[in-house]
Amino acid sequence: MNLVLASFKFLTTNSEIGIVGGKTLFEDDRTSIWDAGGYISKKEYRGIRRRDDDPGVNVIGEVGFVTCCLALIKKEVVEKVGPLPEVYFFGSEEWDFSLRAQRAGFKLLYTPECVIYHKVGRSHDHTSLKMMYNTLRNRLLFTKRNFKKSEYRWFKFRFLVGKFILRLLNKGQLKIYSIKEAYHLIIQVWKDSSVYDYVSFDHIKNNTILLYH
């Protein structure tokens, strides 16, 4: 409770801080870190979680995104940027929410002394085509909603084509599916991504390091 109060104090005493996150350990291995805050990779257009070997996992500091399985969020953040975007359904919404909070002027703080234990992956089947569809779809949706159109179009092509080429080589995420299944999955994701709406925004210049590590 003292740790929760300490995190709450960060929120209430610093108007710039909008979200406070903590350290998430694996439920099955409480010595290993699943998440310790992270950053958005401009090269890969996704969030990168910090793990055990990152020097910042035991230091209080600002981060590029907070995983919301452990997060205290100011009411003002939700009022200004809205709730976690439901359009993702499952996965990637925390990257989007964190970027929107930053672009609205809020800072994201990581506090390593606040710890929870997470049963990672227990809520879904990683091998199902439905889950893989959602994973690929959300990578494209996140890129389309948060980066330039030219960046999105090039990423969409190399991301999906690259996934299928790896499957033909019996490598990568799709190797557990038949070539036919992988092909139809890629085509469906490609088609569905064309109906997503773009979301315009002004890039924040002061958060370049945090957003584009």
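Scroll up a little and you will see the structure.
What counts, and where the lines are drawn
- Residues numbered from 1 in each chain as written.
- Predicted model: local features only at pLDDT ≥ 70, side-chain atom pairs only at ≥ 80, totals over all residues.
- Heavy atoms only, no water.
- Helix = DSSP H or I, 4+ residues; strand = E, 2+ residues; numbered from the N terminus.
- Expected span 1.5 Å × (residues − 1).
- Buried < 20%, exposed > 50% of the residue type's maximum accessible area, 1.4 Å probe, protein only.
- Salt bridge = Lys/Arg side-chain N within 4 Å of Asp/Glu carboxyl O.
- Axes fitted to C-alpha atoms, helices over the stretch in contact; angles between N-to-C directions.
- Parallel < 35°, antiparallel > 145°, perpendicular 65-115°, else oblique.
- Left-handed = near helix turned anticlockwise from the far one by under 90°.
- Contact = heavy atoms within 4.5 Å.
- Pairing = 2+ DSSP bridges.
- Phe/Tyr/Trp six-rings, centres within 6.5 Å; stacked < 30°, edge-to-face > 60°.
- Core = buried A, V, L, I, M, F, W, Y, C linked by side-chain atoms within 4.5 Å.
- Lys, Arg positive; Asp, Glu negative; His and termini not counted.
- Polar contact = N/O pair within 3.5 Å; in protein donor to acceptor, adjacent residues only side chain to side chain.
- Patch = residues over 30% accessible without salt bridge, like charges linked within 9 Å, V, L, I, M, F, W, Y side chains within 5 Å.
- Areas by Shrake-Rupley, 256 points an atom, 1.4 Å probe, with all protein chains shown as cover.

> Honestly, helix α4 (residues 129-146) in this entry has me stumped. Any pointers?
Three- or four-residue spacings in an α-helix give side chains the same orientation, since the helix completes a turn every 3.6 residues. Along its 18 residues, α4 runs 26 Å from first to last C-alpha, staying within 8% of the 26 Å computed at 1.5 Å per residue. Within α4, 14 of the 18 residues are buried, leaving the element largely enclosed by the surrounding structure.

> Which parts of the structure should I look at to understand the pattern of salt bridges?
Opposite charge on two side chains allows them to pair when their charged atoms are near. On inspection of all chains with the given rule, the structure shows 7 salt bridges. Note that D96 and R100 form a salt bridge whose closest N and O atoms lie 2.5 Å from each other. Pair noted here: D96 and R100 are both in helix α3 (residues 93-103), with a separation of 4 residues, about one helical turn. Among the residues examined, D96 registers a relative accessible area of 0% and is labelled buried. On the accessibility criterion, R100 (21% relative accessible area) is partly exposed. Several salt bridges converge on common partners, so that one network encompasses D96, R100 and R145.

> Where do I start with the packing of α3 against α4 in this structure?
At their nearest, the axes of α3 and α4 sit 10 Å apart, and the two run at 15° to each other. Classified by the angle between their axes, α3 and α4 sit roughly parallel to one another. The two elements α3 and α4 cross, and the hand of that crossing is right-handed. Here W95, D96, L99, R100 and R103 of α3 come into contact with α4, specifically with R139, F142, R145 and N146.

> Just checking my understanding: could you explain the pairing of strand β1 (residues 17-26) for this structure?
Working note: regular strand, side chains alternate between the two faces of the sheet. The buried fraction of β1 amounts to 9 of the 10 residues, a majority that puts the element mostly inside the structure. Relative to strand β7 (residues 107-118), β1 runs parallel, the two sharing 9 bridges. Bridged to F26 within β7 is H118. Looking at chain direction, β1 and strand β6 (residues 71-73) are connected through 3 bridges and run antiparallel. Of the residues in β6, the one forming a bridge with G21 is A71. Both β1 and strand β2 (residues 33-35) contribute to a ladder of 2 bridges, which runs antiparallel. Considered in β2, the bridge of L25 is made with I33.

> How do you make sense of the packing of aromatic side chains when you look at a structure like this?
Two descriptors summarise a pair of aromatic rings, namely the distance from one centre to the other and the angle between the planes of the rings. Evaluation of the coordinates by the stated rule reveals 7 aromatic pairs. Ring centres 5.0 Å apart and planes at 80° place the aromatic pair Y45 and F147 in the edge-to-face group. Highlighted residues: Y45 in the loop between β3 (38-41) and β4 (46-49) and F147 in the loop between α4 and α5 (149-168), separated in sequence by 102 residues. Neither Y45 nor F147 differs from the other in exposure class; each is buried. Consider the rings of W95 and F142, whose centres lie 5.2 Å apart with planes at 75°: the pair is edge-to-face. Separated by 47 residues along the polypeptide, W95 in helix α3 and F142 in helix α4 bring together distant segments of the chain.

> Would you take a moment to explain the nonpolar core for this structure?
The nonpolar side chains of a soluble globular protein tend to be buried, and buried together. Of all hydrophobic cores here, the largest spans 23 residues; its most connected members are I40, L136, L140, F142 and L174. Here L174 is in contact with M132, L136, K163, R167, A182, L185 and I186, once residues within four sequence places are set aside. Counting residues in each nonpolar core, the second largest holds 14 residues, with I33, V63, A104 and Y110 among its members.

> Explain the side chain of R50 to me, please; I cannot follow it from the model alone.
If you trace the backbone, R50 turns up in the loop between β4 and β5 (61-62). Buried charge R50 goes without a salt bridge, the closest partner of opposite sign being D54 at 4.2 Å. Side-chain polar atoms of R50 contact the backbone oxygen of A36, separated by 2.8 Å. Those residues in contact with R50 that lie beyond four places of it in its chain are I33, W34, D35, A36, G37, G38, G56, V57, V63 and Y110.

> Looking at this structure, I do not really get a nonpolar patch on the surface. What am I missing?
A surface patch of nonpolar side chains, about 670 Å² in accessible area, is lined by W154, F157, V161, I165, L166, L169 and W190. Here the element with the most residues in the nonpolar patch is α5; it accounts for 5 residues. Counting through the fold element by element, L169 comes out in the loop between α5 and α6 (179-193).

Honestly, that's just the spatial picture; any functional story needs more than this.
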